[in-house]
Amino acid sequence: MKNPVFVVSLILASTISCTKVVDIELPEHQSKLVINSIFTSGERISINIGQTASINGGIPPGIYDSNINIYRESNLVESVHSGDSIYSFNFGPVENGNYSIEVSSPGFETVRASDSIPGKTVLSNIEYTDKEWVNDWGLKFRLLKLAFIDQSEKQNYYEIKLKKRFLIKKYNPSGYYYHTERLRIGGTPDPIMEVAWQYYNETDGLVFNDALFNNKQCNLEIFIEVPDNGADQYEIIVELRSLSENYYKYKKQLGVYAKASNEDILEGSPEPVNLYSNIENGYGIFAGYMSDVHSFTITE
């Protein structure tokens, strides 16, 4: 029988001997503006302005000299010069409103983007059941049932966000404070959630469309964690977001991109994934959503 250490040594030696250094001449990098803004009704629109960097350029600096125009239904609402990379407008968008943005900065192409806030969809039922499931590590999950009505025959897009909120004791100064974090999901028997829950950790939500329930009632079943944090009671927060198509495409691709980035290199190099962007002449996202939020308290 061959010595396994000797076999490994031969493999390593052959691998090293076949290594060849190849010089790659990269094209000159042309930096572009990056605009990021996710907005909703009742909150002022804020944008983050940055720029792309070359593969060898490290983290690019923010943009601190820009002219920004924002339009509502094609009418100019606000025009400003900003000396900061983050800017908040002086008005809040409304449900079913259409918005456009235009940003220019010296040395960059002017970028533009448009999107709208869809109509609100309301959760019609939330049921925290007694049905439990325990995974292989002993973590306990309980079945949560949700329902809402998809009220249009056109393609609609949604996101479910799940959080827990509870009191934590602090020691300096002494007292308590509320802590909020994402709920863990143990899985779902629901075909609507079959793909969405696999990217839950990467997207911080369950993103899906109405392909399986168009213009009908949607019934969802999700196993959510039973928190084990020592608190006597905790609050479960359920948010249903109605999404624009741009928001949906961005979040879906973000999940694929983040999951690929976290793959083990020993399993092979993942396929390259480009993030979705609706920014003309640049990169990033400018997209709207509408929320319906409910909460309930659980005492253990």
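Conventions used here
Residues numbered from 1 in each chain as written. Predicted model: local features only at pLDDT ≥ 70, side-chain atom pairs only at ≥ 80, totals over all residues. Heavy atoms only, no water. Helix = DSSP H or I, 4+ residues; strand = E, 2+ residues; numbered from the N terminus. Buried < 20%, exposed > 50% of the residue type's maximum accessible area, 1.4 Å probe, protein only. Contact = heavy atoms within 4.5 Å. Areas by Shrake-Rupley, 256 points an atom, 1.4 Å probe, with all protein chains shown as cover. Pairing = 2+ DSSP bridges. Axes fitted to C-alpha atoms, helices over the stretch in contact; angles between N-to-C directions. Salt bridge = Lys/Arg side-chain N within 4 Å of Asp/Glu carboxyl O. Core = buried A, V, L, I, M, F, W, Y, C linked by side-chain atoms within 4.5 Å.

Novice: How should I be thinking about the overall build of the protein in this particular structure?
Specialist: When helices and strands are counted, the protein shows three helices and 16 strands. For the protein, the residues scored as buried account for 39% of the 300 residues in total. Summarising the internal contacts of the protein: among those between residues at least 6 apart in sequence, 65% fall at separations of at least 24. Element-wise, carbon and sulfur atoms account for 49% of the exposed surface of the protein, whose accessible area totals about 17900 Å².

Novice: Explanation requested: the sheet that holds strand 9 (residues 140–149) in the structure shown.
Specialist: Remark on secondary structure: sheet strands pair via backbone hydrogen bonds, oriented parallel or antiparallel. The sheet built from four strands is open, its strands ordered 8-9-14-12 with antiparallel pairing. With one partner strand each, in any of the chains shown, strand 8 (123–134) and strand 12 (185–187) form the two edges of the open sheet. The average angle at which neighbouring strand axes cross in this sheet is 35°, direction not considered. As paired strands, strand 8 and strand 9 are joined by eight bridges and run antiparallel to one another. Residue pairing for strand 9: Glu 132 is matched across the bridge by Arg 142.

Novice: Help me out: how do you make sense of the side chain of Ser 244 in this one?
Specialist: Within the secondary structure, Ser 244 sits in the loop between strand 15 (233–243) and helix 3 (245–261). In this view, Ser 244 contacts Asp 115, Ser 116, Pro 118, Tyr 157, Ala 287 and Gly 288; residues no more than four positions away in its chain are not counted.

Novice: Could you clarify how one ought to interpret the pattern of salt bridges in this entry?
Specialist: Opposite charge on two side chains lets them pair, provided their charged atoms get close. Counted according to the given criterion, the structure contains 16 salt bridges. When the shortest N-O distance is used, the salt bridge between Arg 241 and Glu 159 registers 3.9 Å. Of this pair, Arg 241 sits in strand 15 while Glu 159 sits in strand 10 (residues 157–171), and the two are 82 residues apart along the sequence. Glu 159 shares its class with Arg 241; the two are buried. The closest approach of N and O atoms between Glu 225 and Lys 164, which form a salt bridge, is 3.2 Å. Taken together, the positions of Glu 225 in strand 14 (residues 217–225) and Lys 164 in strand 10 put the pair 61 residues apart, joining distant regions of the chain.

Novice: Is there a simple way to explain the nonpolar core in this structure?
Specialist: Core analysis: the largest hydrophobic core is formed by 29 residues, its most contacted members being Phe 148, Leu 162, Phe 208 and Leu 220. Counting residues per element, the ones that place at least two in this core are strand 8, strand 9, strand 10, strand 13 (206–209), strand 14, strand 15 and strand 16 (283–299). Not counting residues within four places of it along the chain, the set of residues in contact with Phe 208 comprises Phe 148, Tyr 157, Tyr 158, Glu 159, Ile 160, Ile 192, Met 193, Phe 213, Leu 220 and Tyr 248. Leu 33, Ile 35, Ile 63 and Val 103 belong to the second largest nonpolar core, which has 23 residues in total.

Function cannot be inferred from these measures alone, as they are strictly geometric.
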